[in-house]
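Single-letter residue listing:
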Amino acid sequence: MPGSGPVDRDGNGPEVGLHSNSYRLLAEALTAAGLSSIRIDKRGFFGSATAIADPNAVTIADYAEDARAWVDRAAKTASCVWVAGHSEGGLVAMIAATKPPAALCGVILLAAPGRPVGQLIRTQIRANPANGPFIAELEAIIDSLEAGQPYPINAISAELQPMFQPGMQRYMIDLFSYDPMTAAAALKLPLLIVHGEADVQIGVQDAKLLQSAALDSELHLIPDMTHMLKAEVSGQPFATYTDPDLPLHPALVPAIMGFISSQD
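The model shown is predicted, which means the values in this text are computed figures rather than measured ones. (Residues numbered from 1 in each chain as written. Predicted model: local features only at pLDDT ≥ 70, side-chain atom pairs only at ≥ 80, totals over all residues. Heavy atoms only, no water.)

So, on to the overall build of the protein chain. A count of helical and extended segments in the protein chain gives 10 helices and six strands. With the principal axes as the frame, the protein chain shows a C-alpha extent of 55 × 40 × 35 Å. Looking at the 264 residues of the protein chain, the share that counts as buried comes to 49%. Of the contacts made within the protein chain by residues no fewer than 6 positions apart, 65% connect residues no fewer than 24 positions apart. (Helix = DSSP H or I, 4+ residues; strand = E, 2+ residues; numbered from the N terminus. Buried < 20%, exposed > 50% of the residue type's maximum accessible area, 1.4 Å probe, protein only. Contact = heavy atoms within 4.5 Å.)

Let us look at the state of the cysteines. Taken as a whole, this structure holds one disulfide when the rule is applied. Covalent S-S linkage joins C80 and C105, the inter-sulfur distance amounting to 2.0 Å. Placement of the pair is C80 in the loop between α2 (60–74) and β3 (81–86) and C105 in strand β4 (residues 104–110), with a sequence separation of 25 residues. According to the relative accessible area criterion, C80 is partly exposed, its value standing at 38%. Judged by relative accessible area, which is 23%, C105 ranks as partly exposed. (Disulfide = S-S within 2.5 Å.)

The computed volume of the second largest pocket comes to approximately 850 Å³. Forming the boundary of the second largest pocket are 35 residues, of which S36, S37, I38, W82 and A84 lie nearest the centre. Within the residue set of the lining of the second largest pocket, elements represented by two or more residues are α1 (22–32), α2, β3, β4 and α10 (252–262). Here the element with the most residues in the lining of the second largest pocket is β3; it accounts for six residues. (1 Å grid on protein atoms, 1.4 Å probe; cavity = no way out; pocket = protein on both sides within 12 Å on 5 of 7 lines; lining within 4 Å. Points joined across faces, edges and corners; volume = space filled by probe spheres on them.)

The two faces of the sheet receive side chains in turn, since in a regular strand these alternate between them. Within β3, five of the six residues are buried, which leaves the element mostly enclosed by the surrounding structure. By the bridge criterion, six bridges tie β3 to β4 in an arrangement that is parallel. Looking at the pairing, V81 lines up with L104 of β4. With helix α3 (residues 88–97) bridging β3 and its parallel neighbour β4, the resulting β-α-β unit is right-handed. (Pairing = 2+ DSSP bridges. Right-handed = clockwise from strand over helix to strand, strands pointing away.)

Here the focus is the packing of α2 against α3. Packing of α2 against α3 leaves a shortest axis separation of 8 Å and a crossing angle of 70 degrees. As summarised for this structure, α2 and α3 are arranged roughly perpendicular, according to the angle between their axes. Judged by the sense of rotation from one axis to the other, the crossing of α2 with α3 is right-handed. For the pair α2 and α3, contact is made by I60, Y63, A64, A67 and R68 and by E88, V92, I95 and A96, respectively. Counted by class, the contact of α2 with α3 contains seven nonpolar, no polar and two charged residues. (Axes fitted to C-alpha atoms, helices over the stretch in contact; angles between N-to-C directions. Parallel < 35°, antiparallel > 145°, perpendicular 65-115°, else oblique. Left-handed = near helix turned anticlockwise from the far one by under 90°. Nonpolar A, V, L, I, M, F, W, Y, C, P; charged D, E, K, R; others polar.)

Put into structure tokens, the structure is as follows:
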């Protein structure tokens, strides 16, 4: 299950300058290791663009329903199916697994949030000096959305309006209502949590929170892996986001395959 926003099945988001190929590389590496996979475009985006007129007119529950439908599809050729979610997709994977299809064997979280996303966004905006002039406004908007109330678009600075259009605000209100730790605690299936120690978007503390909440879980920290599941490049903090030719971190697929094998 892909991360937030317009991210395609390959892990790229041209609209937001994301060119990683992470999901394609992961699928190819899993195939080489003997594991088949399905990677998807979320409803309303890319190959699924015709599934819904407005890609923001969805909820996390909708995405979870889609994940369960993909498990059922995969179950036609495999008796045991795992759902992997990257970033926000990790929350989707956990919510899907709270009502697990018969073939669902477990969940794999890749760089997933352990705190409600509103809290996580606060941490992210405070960490970026460029947000200095807008921090108070951003926090006021997040406060409103967390309370379930849209923020008047005409009261938002022009620079921030593209981020908080009414459709996006409706989606955020729903997204912010979920606590990943609550979702993890509700799981009754094996859970693998993989997180990079060089992830500057979602910190290691989130992975540890998830592990503390889920009874049947294993945490695998990878020392120099970024949010894009690749080894960090010294002096080039955005290289793993913009260079599709950089390989996955070599420890990622062995961690996934080792955990799945241990569950047989």
